[in-house]
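So you can see what is in the structure, the chains are spelled out below.
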Amino acid sequence: MATTATERHLLIGNEWVETGQWLDVRSPYDGTLVGRVPSAGAPEARRALDAAEAAMRDPVPAHERAAILDRVAGLLADRHDEVARTVCAEAGKPMKAARVEATRAVSTFTMAAVEARKLAGDVVPMDASPAGEGKLAFTLRVPIGIVGAISPFNFPLNLVAHKVAPALAAGCAVCLKPAGQTPLSALLLAELELEAGLPPGWLNVLCGPASEIGDVLVEDERVKLITFTGSAPVGWKLRERAARKRVSLELGNATPVIVAADADLEDAAARLAANAFSFAGQSCISVQRIYVERPAYDALVEKLLPRVAALTVGDPADEATDVGPLISPAERDRVLAWIGEAREQGAEILAGGELDGDLLLPTVIGKPPPDAKVSCEEVFGPVCTVSPYETLDEAIALANGTRFGLQAGVFTSDTRSALRAARELEFGGVVVNEAPTFRADQMPYGGVKDSGNTREGPAYAIREMTEERVVVLQL
């Protein structure tokens, strides 16, 4: 994948900063250099917090914040191709998916602008009790303070947008640490934010070791909220260390799908094949565990496998590619080891399970044991499993049989079964007759159990990023 290397600098206050030390950003597809960024440490992190603190002393009115967010959305739309190509180059995300991510980021900023314009509290019915008679009370939503944001590699633009845009809408300055593998999209977004008129200090972007930057965000009392997307062990440890801060976690999943015998199997197979392997399965809600009612098991497998075989594996810069590389050779080798473990435990490899050059082919595993890693842990690779079930009770128990709980899916024509599953599946979201990889950026998104403790989506994140203050007036 031929590309020209891009050099970007850190953003601290109104300065684009070099540190004298550089981090190379390489293509996950062929290892070519696609960019480099300065490496920051604790001193730069403290400077960034100084800039954020200074910015918040001069609040920006809500209508101006909304106008800035709208302008960012417009700039993202105007530079859509450049943004998508940046995502593709650094993350190895196929251009089809990178274009979708760029479009979704436009939506995220647009929705955040809406929330900035309507951010308000409530009127409290004081005369509902004798104590409140003769008083008027209402609440205000006030910014919580500086937000420390830590984003992952797999959506290097839109998951940054889901942290930065609601924070700015709420009136909070942000110190952002993007993933080390994919910092270029975040720095390009920061450039657009300044072009849109964001005053200095409201967004600061730092690249470098989490052990230094993350420690400052955790330890400095000026940071009032940390928003983190990444692995469960790191996220929960972060929350434990920052016990006096608000910590919003969006973590992993081992996404289940229940397919009933009365479902539209053609439609289900098409949606599952596409959503198990998009971006090589490197999404928290990538389809992973498919449970099919036994009478429909063979038919679903027969419809699924040709669609998986038809996926194009190759260079993510090629517009025809459906499945590209994993983020690193180490991750590819880990997923291969998990596939091998499932095979040794008696599972059948129905498709894939091997490399095409350096790329792992889309892999379908039939009937793995429940305790195999592919059955109970998050694969985060181009792998899905297919297993039969006898009753809806069994299917729900299998789906719930993991420590994760982000999103789940159900395919059925029976509304009663769908609603029962929605009530009993222990997940933050249940998607019916659509792959559970579906997400609209305005909807509440987040999990339970080890999958997290928050809800993203601008209307929901802004609640986390503000404090409610009651005002009581004696009449």
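Now for a description of the structure that goes with this document.

Rules used throughout
- Residues numbered from 1 in each chain as written.
- Predicted model: local features only at pLDDT ≥ 70, side-chain atom pairs only at ≥ 80, totals over all residues.
- Heavy atoms only, no water.
- Helix = DSSP H or I, 4+ residues; strand = E, 2+ residues; numbered from the N terminus.
- Rg over C-alpha atoms; globule rule 2.2 N^0.38 Å.
- Areas by Shrake-Rupley, 256 points an atom, 1.4 Å probe, with all protein chains shown as cover.
- Lys, Arg positive; Asp, Glu negative; His and termini not counted.
- Charge placed at Lys NZ, Arg CZ, Asp CG, Glu CD.
- Phe/Tyr/Trp six-rings, centres within 6.5 Å; stacked < 30°, edge-to-face > 60°.
- Buried < 20%, exposed > 50% of the residue type's maximum accessible area, 1.4 Å probe, protein only.
- Expected span 1.5 Å × (residues − 1).
- Core = buried A, V, L, I, M, F, W, Y, C linked by side-chain atoms within 4.5 Å.
- Contact = heavy atoms within 4.5 Å.
- 1 Å grid on protein atoms, 1.4 Å probe; cavity = no way out; pocket = protein on both sides within 12 Å on 5 of 7 lines; lining within 4 Å.
- Points joined across faces, edges and corners; volume = space filled by probe spheres on them.
- Nonpolar A, V, L, I, M, F, W, Y, C, P; charged D, E, K, R; others polar.
- Pairing = 2+ DSSP bridges.
- Salt bridge = Lys/Arg side-chain N within 4 Å of Asp/Glu carboxyl O.
- Disulfide = S-S within 2.5 Å.
- Axes fitted to C-alpha atoms, helices over the stretch in contact; angles between N-to-C directions.
- Polar contact = N/O pair within 3.5 Å; in protein donor to acceptor, adjacent residues only side chain to side chain.

Let us look at the overall build of the chain. What the chain contains, in helices and strands, is 15 helices and 22 strands. By the compact-globule yardstick of 23 Å for 475 residues, the chain fits well, its C-alpha radius of gyration being 23 Å. Of the roughly 18,600 Å² of accessible surface on the chain, a fraction of 51% belongs to carbon and sulfur atoms. For the chain, the centre of its 47 positive side-chain charges and the centre of its 65 negative side-chain charges are spaced 4 Å apart.

Here we come to the packing of aromatic side chains. With the rule as written, the count across this model stands at one aromatic pair. On the numbers, 6.0 Å between centres and 90 degrees between planes, the contact of F153 with F380 is edge-to-face. A residue pair is termed long-range when its members are at least 10 positions apart, and F153 in the loop between β8 (146-150) and α5 (158-170) and F380 in the loop between α12 (373-376) and β19 (383-389) qualify at 227 residues. With respect to burial, F153 and F380 carry one shared label: buried.

Helix length check: α5, at 13 residues, gives a terminal C-alpha distance of 18 Å against a target of 18 Å (1.5 Å per residue), a fit within 8%. With respect to burial, α5 is a largely interior element, 13 of its 13 residues being buried. At the C-terminal side of α5, G171 shows a positive phi close to 90 degrees.

Right, let's talk about the nonpolar core for a bit. By size, the foremost hydrophobic cluster in this structure holds 87 residues, and its most contacted members are L69, L76, F109, L157, V174, L176 and L203. The leading source of residues in this core is helix α4 (residues 95-118), at nine residues. Look past the residues within four positions of L157 in its chain and what remains in contact with it is L76, V83, V87, E101, A102, A105, S185 and L189. Judged by nonpolar contacts, the second largest core, of 40 residues, contains A263, Y297, V335 and W338.

What follows concerns the layout of surface pockets. Of the pockets and cavities examined, the largest pocket occupies roughly 900 Å³. As for the largest pocket, its lining consists of 35 residues, of which F228, T229, G230, S231 and V234 are closest to the centre. Looking at the lining of the largest pocket, the elements with two or more residues in it are α7 (210-219), β11 (223-229), α8 (232-241) and α11 (329-344). Looking at the lining of the largest pocket element by element, the count peaks at six residues for α8. For the lining of the largest pocket, a count of residues per class yields 16 nonpolar, ten polar and nine charged. Taken together, the elements giving at least two residues each to the lining of the second largest pocket come down to α4 and α9 (265-277). Sorting elements by how many residues they give to the lining of the second largest pocket places α4 first, with five residues. Its residues placed into classes, the lining of the second largest pocket shows 15 nonpolar, seven polar and eight charged.

This part is about the sheet that holds strand β1 (residues 6-7). Ordered in space as β1-β5-β4, the three strands form an open sheet in which the pairing is mixed. Strand pairing shows two members of the sheet lacking a second neighbour, β1 and β4 (22-26), which therefore form its edges.

Moving on, we get to the pattern of salt bridges. Enumeration according to the criterion identifies 41 salt bridges in this entry. The residue R439 makes a salt bridge to E456 at a minimum N-O spacing of 3.4 Å. Taken together, the residues R439 in the loop between β21 (429-432) and α15 (458-464) and E456 in the loop between β21 and α15 connect sequence positions 17 residues apart. Taken individually, R439 and E456 each receive the classification buried, so the pair is uniform in this respect. Counted as one network, the salt bridges with shared partners bring together R8, R79, E82, E191 and E195.

Overall, the coordinates contain zero disulfides when judged by the stated rule. The thiol sulfur of C175 is not disulfide-bonded, and the nearest other cysteine sulfur, from C172, lies at 12 Å. In this structure C384 is not part of a disulfide, and its nearest cysteine sulfur, from C376, lies 16 Å away.

Bringing the environment of G132 into the picture now. Structurally, the position occupied by G132 is in the loop between β6 (123-124) and β7 (135-143). Of the residues examined, G132 reaches a relative accessible area of 2% and is grouped as buried. The spacing of G132 and V472 is 340 residues in sequence and 9.4 Å in space, taken between C-alpha atoms. Setting aside chain neighbours within four positions, we find G132 in contact with M126 and D127.

Okay, the sheet that holds β19 next. Read from one edge of the open sheet, seven strands run β15-β18-β19-β14-β13-β20-β21, paired in mixed fashion. Edge positions in the open sheet fall to β15 (348-351) and β21, since each of these has one partner strand only. Sheet twist, expressed as the average angle between the axes of neighbouring strands with direction ignored, equals 25 degrees.

We now examine the side chain of T255. Relative to the elements of secondary structure, T255 occurs in the loop between β12 (246-250) and β13 (256-259). Residue T255 is classed as buried on the basis of its relative accessible area of 0%. Here C284 takes part through its backbone oxygen, which lies 3.4 Å from a polar atom of the side chain of T255. In this structure, T255 is in contact with C284, I285, S286, V287, Q288, R289, Q407 and P436, ignoring residues within four places of it in sequence.

The next thing to look at is helix α2 (residues 62-78). The end-to-end C-alpha distance of α2 is 24 Å, a good match for the 24 Å that 17 residues give at a rise of 1.5 Å each. Those residues of α2 not exposed but buried are R65, A66, I68, L69, V72, A73, L75 and L76. Elements that come into contact with the buried residues of α2 comprise α3 (80-91), α4, α5 and α6 (184-195).

Attention now moves to the pairing of β12. Of all the five residues making up β12, four are buried; the element is thus mostly covered by neighbouring parts of the structure. Both β11 and β12 contribute to a ladder of five bridges, which runs parallel. Residue pairing across strands places T227 opposite S248, the latter belonging to β12.

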